[in-house]
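Inside the fold
Now for the letters of each chain:
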Amino acid sequence: MPIEHAKEAICKGVFVKCKGRTCKKIFEIKLNETKIIK
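Residues numbered from 1 in each chain as written. Predicted model: local features only at pLDDT ≥ 70, side-chain atom pairs only at ≥ 80, totals over all residues. Heavy atoms only, no water.

The secondary structure content of the chain amounts to zero helices and two strands. Long-range pairs, those at least 24 residues apart, make up 15% of the contacts in the chain between residues at least 6 apart in sequence. Accessible surface computed for the chain: about 4,000 Å², of which carbon and sulfur atoms make up 56%. (Helix = DSSP H or I, 4+ residues; strand = E, 2+ residues; numbered from the N terminus. Contact = heavy atoms within 4.5 Å. Areas by Shrake-Rupley, 256 points an atom, 1.4 Å probe, with all protein chains shown as cover.)

Below, the structure is given as structure tokens:
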């Protein structure tokens, strides 16, 4: 699932449900200043 964020975004506690046909797992999105993957 494509998700975009601003360079200065910081968050935690945002949960997203996988849209795969058989997956349906819930994932937490965590962004902080030190571990942003591009």
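That covers the picture; the talk isn't over yet.
One non-glycine residue, K24, adopts positive backbone phi at about 60°. Take K24: it is sitting in the loop between strand 1 (11-17) and strand 2 (26-31).

Our next topic: the environment of K12. Of note, K12 is situated in strand 1. Judged by its relative accessible area of 70%, K12 is exposed. Sequence separation between K12 and E28 is 16 residues, and the spatial gap between their C-alpha atoms is 7.4 Å. With sequence-adjacent residues up to four places away left out, K12 is seen in contact with E28, I29 and K30. (Buried < 20%, exposed > 50% of the residue type's maximum accessible area, 1.4 Å probe, protein only.)

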